Each structure stands twice: as structure tokens, then as C-alpha cells.
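# A structural walkthrough
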Amino acid sequence: MFAVFKSIEAPSKSLIWWERFTTDLESKLREKGVTKVVVAGMMTHMCIDATVRAAVDLGFETTLIEDACATRELSYQGKVVPAEQVHYAFVGALDGMYASIRSTEDFLQQNN
């Protein structure tokens, strides 16, 4: 599920619309009896973080394959945060509370 916020300046006030974009992925997973999801991909600080949190909120047991994810450096007010620090900060925030964090090797060994 994605949300997009739009702000439009009206003559006397500011109006905000909230549009939600949804897919049928959850219903397809539930129809097949899926209770566990494994997450990997791009970008750790955006899609991976949002996907893991949404999966947990929807009741799925979630595993994140941390070395199968990537991100980029971020900057704010002239401060640059290297990609590796961004990645591990987000993985660290998800660890335990939201997901079981595994390496690819560890995951494959446990699931063979």
C-alpha cells in the first residue's frame, strides 16, 4: 500500500488530499495460506523499510536478507551519510522488532 500526499494552495487556505494506492498482493498471499515473507531488494531506506513494516503490520512473519539489499548515500543540510551507514541504520532499526535479519548464506543453510 502506498500513500501520496498532494498539497494545493487555494486562495484562502491549503488543501491536502491523501490518495492510497493498493495492490491485491495481500489477498493473493492469504489465499495461498502464506504466513511468512522474505524481503530483499532496493532501496533499504525506502522500499525495503516500508515493505518490512507493512508486512509485519499485516501479520506476516518477516525475514530480511540484509546482504541482498542495497541503498545509496543520503544527505541533509550538507551532511552526507554514506550508503553503508544508511543501510545498517535501517537494518538495525528493523532487527528484532520488525524482522528476523539474515545473510543470504545463513538463510539458504537454514532453509535447505
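Above this text sits the structure in question.
The following paragraphs examine the structure supplied in this document.

Parameters at a glance
- Residues numbered from 1 in each chain as written.
- Predicted model: local features only at pLDDT ≥ 70, side-chain atom pairs only at ≥ 80, totals over all residues.
- Heavy atoms only, no water.
- Helix = DSSP H or I, 4+ residues; strand = E, 2+ residues; numbered from the N terminus.
- Buried < 20%, exposed > 50% of the residue type's maximum accessible area, 1.4 Å probe, protein only.
- Polar contact = N/O pair within 3.5 Å; in protein donor to acceptor, adjacent residues only side chain to side chain.
- Contact = heavy atoms within 4.5 Å.
- Pairing = 2+ DSSP bridges.
- Axes fitted to C-alpha atoms, helices over the stretch in contact; angles between N-to-C directions.
- Parallel < 35°, antiparallel > 145°, perpendicular 65-115°, else oblique.
- Right-handed = clockwise from strand over helix to strand, strands pointing away.
- Expected span 1.5 Å × (residues − 1).
- Arc of directions from axis to C-beta.

## Regarding the side chain of Thr71
- Structurally, Thr71 can be placed in the loop between β4 (61–70) and β5 (74–76).
- By relative accessible area, which is 17% here, Thr71 ends up buried.
- Polar side-chain contacts of Thr71 include one of 2.4 Å to the side chain of His45.
- Not counting the four nearest positions on each side in its chain, Thr71 is found in contact with Met43, Thr44, His45, Ala83, Val86 and His87.

## A word on the environment of Arg53
- As for its placement among the helices and strands, Arg53 is situated in helix α2 (residues 44–57).
- What Arg53 contacts, discounting residues up to four positions off in sequence, is Ala93, Leu94 and Tyr98.

## Digging into the sheet that holds strand β7 (residues 100–102)
- Pairing is parallel across the open sheet formed by 3 strands, whose spatial order is β3-β4-β7. What marks the edges here is a single partner per strand, and that holds for β3 (36–42) and β7. Averaged over all neighbouring strand pairs, the angle between strand axes comes to 25°, with direction disregarded.
- One ladder, built from 3 bridges, connects β4 with β7; its direction is parallel. Its bridge partner being in β7, Leu64 is matched across the sheet by Ile101.
- Across the sheet, helix α3 (residues 83–94) is in contact with β4 and β7; its angle to β4 comes to roughly 170°.

## Regarding the packing of α2 against α3
- Where α2 contacts α3, the axes come no closer than 10 Å and their chain directions differ by 10°. Here α2 is positioned roughly parallel relative to α3, judged by the angle of their axes. Between α2 and α3, the contacting residues are Thr44, His45, Asp49, Val52 and Arg53 on the first element and Val86, His87, Phe90, Val91, Ala93 and Leu94 on the second.

## Quick word on the pairing of β4
- Bridge analysis of β3 against β4 gives 6 bridges, and the strand direction is parallel. Among the inter-strand pairings, Val38 is bridged to a residue of β4, identified as Thr63.
- Running through α2, the crossover from β3 to the neighbouring parallel element β4 is right-handed.

## Section: α3
- Taking 1.5 Å of rise per residue, 12 residues should cover 16 Å, and α3 covers 17 Å from first to last C-alpha, within 8% of that figure.
- By the burial criterion, the buried members of α3 are Val86, His87, Val91 and Leu94. Down the axis of α3, the buried side of the element spans an arc of 125°, and every buried residue falls inside it.
- Tucked into the core, α3 has its buried residues touching α2, β4, β5, β6 (79–81) and β7.
- The positive-phi residue at the C-terminal boundary of α3 is Gly96, with phi of around 85°.

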